[in-house]
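Structure at a glance
The primary structure of each chain is shown beneath.
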Number of protein chains: 2
Amino acid sequence: MSPGDSYNTYTVLSGGVGGAKLALGLDETLTRGQLSVIANTGDDFEHLGLKICPDIDTLIYTLAGIADPETGWGLNNESWQFMESLEKLGGETWFRLGDRDLATHLRRKELLETGRTLTEVTAELCRAMGVEASILPMSDDPVSTRIHTKEGALPFQEYFVRLQTEPVATGFDYAGSETARATADVLATLKHDSLAAIFIAPSNPWLSIDPILSLGDIKSTIIDTRVPVVAVSPIVAGKALKGPTAKLMEETGLDPSVTSIAGHYSELVDGLIIDEQDASLQDEIEDMGLRVGITRTVMNSHQDKVSLAEFAIEFAALLGGKKA
Amino acid sequence: MSPGDSYNTYTVLSGGVGGAKLALGLDETLTRGQLSVIANTGDDFEHLGLKICPDIDTLIYTLAGIADPETGWGLNNESWQFMESLEKLGGETWFRLGDRDLATHLRRKELLETGRTLTEVTAELCRAMGVEASILPMSDDPVSTRIHTKEGALPFQEYFVRLQTEPVATGFDYAGSETARATADVLATLKHDSLAAIFIAPSNPWLSIDPILSLGDIKSTIIDTRVPVVAVSPIVAGKALKGPTAKLMEETGLDPSVTSIAGHYSELVDGLIIDEQDASLQDEIEDMGLRVGITRTVMNSHQDKVSLAEFAIEFAALLGGKKA
């Protein structure tokens, strides 16, 4: 699609590191005003009196070009004087906060306390860091992803950072999602006249995407949309590229395969983009009623991200054609 | 005095940088358990959602041997990544918070939010930083020093840091001091059986010492004490060694001299230690009913601080003898 077309905006549902890679590719491929990112806020938490929004921050830092290229989260050229001093004072250091990253959390907290919404504050942080895409928190109301284990339900950061995803998961819930509302901006972007496609980034479906879909209005809007909905599989050749996706699938009785990902999203998406390594599963997925796009989905280099984004846009255009 | 004497504990009323120098000298001269410092909290304020206690922090950092030797406040070998990033985000940067210093403020806030008092939290920070002296906040209740100017009353940090003490002062008040109470620890240390002397550090009398004395129980306890009370003049040869003391005296109609300092404290103290440069004013001050100690009071080197502390202890012992 060229910017001159009437359908020229794109929305991607995303978690942190993996999703941010695709968002960056899309941002590089599209021009100003074309990309909205609906960010998972189910991992947000209060820590040391600060408001931490891990996925929003990873998206902002990645799109601003200042993310740590090693970890994918946090800031490049970060320093850790604060953390070292806090440790000496007996403070909690299991969640690592760099000196520069800390400014984001303090500033966010300060702006929120003036009565602004998380959506407004995120927009202001994006402006300050030079991010052109719209990064939209899924909700301005709190939603907390919890991982159910034999020892009880664990808040996301407890499970993910403190316990390093070690406990065996039996299920998930998104506390607060019954009453939390999708923001007006999120619903507007999903219903916009100019919308060309909705993407679901290769984030963890249960920990990053389902919290967004747990907001009923978002899910029903995506199901009812006239535009193609395309997911990128976070599973490649039976493994997750990052994080506990494959481990969680096994623990909850799912085969960690692109077929299981197709099954999970089948109600929602028109197409699934899978890696070349999984090409043999194309027929199986198409039998489930989904169209399949096959490309290299592993994003290491900058070019990998741009190439996958371009492929996704073309694949969606193809599906859109068929759909119309 | 030797530690074997029954009167072997000392209490010093102190503000920040200047007072902390004498406190350090006393701490080096005395042994564990002998020194209590009653710290001004009239400068404390909330900033960026943090609880900042400038004088307590300067005292802790100075006695821990980690204060910035150039400024006298803040930490040695400090880094400023947080502040630089906050500036880029449009946050307030007029009050400089170093990366390591920030850990103190966050930890304090966190501990206060568990329900601990400022006294308890200060003791915990002292332990963590290896300070042996007792640093006692004058009160666990808020008191706010305000500088009256033609444009209205200014909170301390507004006047001192943001406006760099430029506005012309017409007076002072200590908001909250009518209802704030001195802590039990402060009153206990001032009434302790082992107390040998009370010192008033060469801090600004109006901005650092009077806020402490604005708590009625502290002032009446000092007036009624059986032990010698000795102040060290913050004015030397008509000038303040640091800060706006001389400027404030002139603006409020006082000659910036040791004689004016003697007049200000005459109700409260038995003796005043003045610098050699002011030796000619000895008779004038003694005519006001005060004993005068003359020594070098300018504290540049470590030895200067220890020498002044030793002189103060000896001078108090002499007064104590006369008093008894």
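**Regarding the overall build of chain A**
Of the regular secondary structure elements, chain A holds 13 helices and 14 strands. The C-alpha atoms of chain A give 19 Å as radius of gyration, which agrees with the globular expectation for 324 residues (20 Å, within 12%). Expressed as lengths along the three principal axes of its C-alpha atoms, the size of chain A is roughly 60 × 45 × 40 Å. Going through the 324 residues of chain A one by one, you find that 50% of them count as buried. Within chain A, counting contacts between residues at least 6 apart in sequence, those at least 24 apart form 66% of the total.

**Describing the interface of chain A and chain B**
The partner chain B presents 23 residues to the 23 residues of chain A that form the contact. Mapped by element, the contributors of at least two residues to the side of chain A that touches chain B are α3 (81-88), α4 (99-113) and α5 (118-129) of chain A. A per-class count over the side of chain A that touches chain B returns 9 nonpolar, 7 polar and 7 charged.

**Side note on α4 of chain A**
Taking 1.5 Å of rise per residue, 15 residues should cover 21 Å, and α4 of chain A covers 22 Å from first to last C-alpha, within 8% of that figure. Buried residues in α4 of chain A make contact with β4 (50-52), α2 (54-64), α3 and α5 of chain A together with α3 (81-88) and α4 (99-113) of chain B. Positive phi shows up at Gly-115 of chain A, right after α4 of chain A, with a value of about 100°.

**A few points about the relation of the copies chain A and chain B**
Superposition of chain A onto chain B requires a rotation of 180° combined with a translation of 0.0 Å along the rotation axis, giving an RMSD of 0.0 Å. Both chain copies can therefore be described as sitting about a two-fold axis. Using C-alpha coordinates, one finds that chain A approaches the rotation axis most closely at Asp-99 of chain A, a distance of 3.0 Å. Mapped onto chain B, 100% of the interface residues of chain A are again interface residues, and the two copies thus contact each other with one and the same surface.

**Here we look at unusual backbone geometry**
Most of the time, phi is negative for any residue but glycine, and the peptide bond is trans. One non-glycine residue, Asn-77 of chain A, lies in the positive phi region at around 55°. By the secondary structure assignment, Asn-77 of chain A is in the loop between α2 and α3. Taking the number of C-beta atoms within 10 Å as the measure of exposure, Asn-77 of chain A has 9 and is therefore exposed. With phi around 55°, Gln-164 of chain B is a residue other than glycine that occupies positive phi space. Relative to the helices and strands, Gln-164 of chain B is located in the loop between α6 (156-162) and β8 (169-175).

**Section: the environment of Leu-86 of chain B**
Within the secondary structure layout, Leu-86 of chain B lies in helix α3. Residue classification places Leu-86 of chain B among the buried positions, given that 22 C-beta atoms sit within 10 Å. Considering only alpha carbons, one finds Leu-86 of chain B and Glu-46 of chain B, 40 residues apart in sequence, at a separation of 17 Å. Filtering out sequence-adjacent residues up to four positions away, Leu-86 of chain B remains in contact with Ala-103, Leu-106 and Arg-107 of chain A together with Gly-91 and Thr-93 of chain B.

Definitions and limits used
Residues numbered from 1 in each chain as written. Chains lettered and ligands numbered in written order. Predicted model: local features only at pLDDT ≥ 70, side-chain atom pairs only at ≥ 80, totals over all residues. Helix = DSSP H or I, 4+ residues; strand = E, 2+ residues; numbered from the N terminus. Rg over C-alpha atoms; globule rule 2.2 N^0.38 Å. Buried ≥ 20, exposed ≤ 12 C-beta atoms within 10 Å, placed from the backbone. Contact = placed C-beta atoms within 7 Å. Nonpolar A, V, L, I, M, F, W, Y, C, P; charged D, E, K, R; others polar. Expected span 1.5 Å × (residues − 1). Least-squares fit on C-alpha atoms with pLDDT ≥ 70 in both.

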